[in-house]
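# Structural features, examined
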Amino acid sequence: MEKKQLSKKTKKINRIEENLKFNNELVIQHNNLVESRYRLSLQEKRLMLFLMSQIKPNDDSFKSIEISIPELANIMELDIKNMYRNMEKVTKSMVGRVLSIRNLDEDSLLHVPWIASAKYFYKQGIINFQISEKLAPYLLKIKNQFTVIRLSDLMRFKSIYSLRIYELLKQYESIGCRKMDLDQLRLSCGIPENRLNIMANFRMKVLDIAKREINEKSDILIEWEFIKRSRKCVGIEFHIKTNPNYNKEEKDKIKYLKREFETRSRLIETIEDFGFSKKVILKMIADLSDIEIEDAVRSVKNQVERGTVLNTKAMLRTALKEKWKPDVFDAKKLNKKKISTIFM
């Protein structure tokens, strides 16, 4: 039971550490794209956000974006056991997903797919994505009317509705308020006509969750109230302000995770000095905490310093497996002769 808990904790920390690299990645969208109407699952939205974050400010055209399947499964939080099957399902559906972009200046409405193609290379374990060229005016070299958001901020949300409402409100942060027709909000969030029609359900599944997630996980704080006409709800008024605690909490979290990551990396390097490959090391320490690893390594080093070990590699493997502590030999009352014989 203890092993399972440690394994879960380690995997959770590793996943968050892996996503630390997204802290400097930005998603820059023209406001017309932010305001567009579409229906995506949370996994599909995360995929699209990641692809958009790979676009550089000076890019003149969309380059193909290549990513390993395990890395993308981590970003989208797909089940690792079935990641190839799940990934194929998600990317295939994305190629068929269409969004509608309204351009008031042109008085036009554009229907366009998000992704032009997704090509698998099974032997290499990678996917090559190509964003639809029709999206170029909304993602490439945007000069005005755009919204910039950190990818890591967007990846924290567990509800697609929270994510969409955050995008829709973020561009109004400086104004501090935004009113939206109820039908407009439903379309922007991709809610089908036959779902969440009862206001109590809409409030519970969309508005309440969005408020909680945005206030807990993002750089803004929101409140909302119904706009009513003849006692019927026709819209929502959102109030937006900067979250004063966000930067401090983020800095503390990133500092903690970096420290954890650096400790684990240092321990891996130490074990490599004993002659193990990184692949073998990761397997040996998968279910161990940093303290347990440090204790096992120190136990072996203590015996090496005493000159009692002939096979340090074999001893370290046993020490990690049995979770030795530095006093393991005193507790077992092993003499030098026995130690030398066991690990020859």
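For the structure, check the block above.
So, here's what we can say about the structure. What you see is a predicted model, and the numbers here were worked out from it, not measured in a lab. (Residues numbered from 1 in each chain as written. Predicted model: local features only at pLDDT ≥ 70, side-chain atom pairs only at ≥ 80, totals over all residues. Heavy atoms only, no water.)

### Some details on a nonpolar patch on the surface
We count it as follows: A patch consists of residues exposed above 30% relative accessible area that lack any salt bridge, with like charges linked at up to 9 Å and nonpolar side chains (Val, Leu, Ile, Met, Phe, Trp, Tyr) linked at up to 5 Å. The Shrake-Rupley method, run with a 1.4 Å probe sphere, supplies the accessible areas, and residue values consider only the shown protein chains as cover. The rule for a salt bridge is simple: a side-chain nitrogen of Lys or Arg has to be within 4 Å of a carboxyl oxygen of Asp or Glu. Helix and strand assignments come from DSSP, with helices taken as H or I runs of at least 4 residues and strands as E runs of at least 2, each series counted from the N terminus.
On the surface, Leu26, Phe146 and Val148 cluster together to form a nonpolar patch covering roughly 230 Å² of accessible area. Within the secondary structure, leucine 26 sits in strand E1 (residues 26–30).

### What to know about helix H5 (residues 83–96)
The α-helix advances 3.6 residues per turn, and as a result positions three or four apart in sequence lie on the same side. The test is simple: Here the expected length of a helix is defined as 1.5 Å per residue gap, with one fewer gap than residues. Each residue is assigned to one of three classes by its accessible area relative to the maximum for its type, calculated with a 1.4 Å probe on protein chains only: buried under 20%, partly exposed between the two thresholds, exposed over 50%. Taking the helix axis as origin, the arc is that swept by the directions to the C-beta atoms. Residues count as neighbours in contact if any of their non-hydrogen atoms are within 4.5 Å of one another.
Across its 14 residues, H5 extends 20 Å between first and last C-alpha, which sits within 8% of the 20 Å expected from 1.5 Å per residue. Looking at H5, one finds that the buried residues are Met83, Met87, Val90, Thr91 and Met94. Looking straight down H5, one finds that the buried residues subtend no more than 95 degrees of arc, so they occupy a single side. Counted as exposed and oriented over 90 degrees from the buried face of H5: Arg85, Lys89, Lys92 and Gly96. Those residues of H5 that are buried lie in contact with helix H3 (42–53), helix H4 (69–75), strand E5 (115–121) and strand E6 (126–131).

### What to know about the packing of helix H13 (residues 290–305) against helix H14 (residues 312–322)
Which entries qualify depends on this criterion: Lines fitted to the C-alpha atoms define the axes, with helices restricted to the stretch that makes contact. Angles between their N-to-C directions range from 0 to 180 degrees. In this scheme the handedness of a crossing depends on how the near helix is turned from the far one: anticlockwise by less than a right angle means left-handed, clockwise means right-handed. Residue polarity follows a fixed list, in which Ala, Val, Leu, Ile, Met, Phe, Trp, Tyr, Cys and Pro are nonpolar, Asp, Glu, Lys and Arg are charged, and the others, Gly among them, are polar.
At a minimum axis distance of 9 Å, the contact between H13 and H14 shows a crossing angle of 145 degrees. As for how H13 packs across H14, the hand of that crossing is right-handed. Contacts between H13 and H14 involve Ile293, Ala296, Val297, Val300, Gln303 and Val304 from the first element and Thr312, Met315, Leu316, Ala319 and Leu320 from the second. Grouping the amino acids of the contact of H13 with H14 by side-chain chemistry returns nine nonpolar, two polar and no charged.

### Some remarks on the packing of H3 against helix H8 (residues 160–170)
Worth spelling out the cut-off: Oblique is the label for every angle not falling under 35 degrees (roughly parallel), over 145 degrees (roughly antiparallel), or within 65 to 115 degrees (roughly perpendicular).
For the pair H3 and H8, the least separation of the axes is 9 Å and the interaxial angle reads 40 degrees. The pairing of H3 with H8 is recorded here as oblique in orientation. Taken together, the residues of H8 that come into contact with H3 (itself represented by Leu42, Lys45 and Leu49) are Ile160, Leu163, Arg164 and Glu167. Of the residues belonging to the contact of H3 with H8, the class tally is four nonpolar, no polar and three charged.

### Looking at the sheet that holds strand E2 (residues 65–68)
Stated precisely, the cut-off is as follows: One requirement defines pairing of two strands: DSSP has to find at least two bridges between them.
An order of E2-E6-E5 is seen for the three strands of this open sheet, with the pairing classed as antiparallel. Each edge of the open sheet carries a strand with a single partner, namely E2 and E5. Sheet twist, expressed as the average angle between the axes of neighbouring strands with direction ignored, equals 20 degrees. In this structure, E2 lies alongside E6, joined through four bridges in antiparallel fashion.

### Quick word on the sheet that holds strand E9 (residues 220–229)
Taken in spatial order, the three strands make up an open sheet running E8-E10-E9, and their pairing is antiparallel. Two strands bound the open sheet, and with one partner strand each, they are strand E8 (177–181) and E9. Along the sheet, successive strands turn relative to each other by an average axial angle of 20 degrees, direction set aside. Summarising the sheet, E9 and strand E10 (residues 232–242) pair through 10 bridges and their orientation is antiparallel. Bridged to arginine 229 within E10 is lysine 232. Packed on one face of the sheet, helix H10 (residues 199–217) meets E9 and E10 and runs near 155 degrees to E9.

### Observations regarding the nonpolar core
Operational definition: What is meant by a nonpolar core is a set of buried Ala, Val, Leu, Ile, Met, Phe, Trp, Tyr and Cys residues, joined one to another through side-chain atoms within 4.5 Å.
Counting residues in each nonpolar core, the largest one holds 70 residues, and the members touching the most others are Leu72, Trp114, Leu135, Leu185 and Phe238. The residues contacting phenylalanine 238, other than those within four sequence positions of it, are Ile165, Leu169, Gly176, Cys177, Arg178, Met180, Leu185, Leu207, Ile222, Glu223 and Trp224. Core analysis: the next-biggest nonpolar cluster, separate from the first, contains 19 residues, Leu267, Ala319, Leu320 and Trp324 among them.

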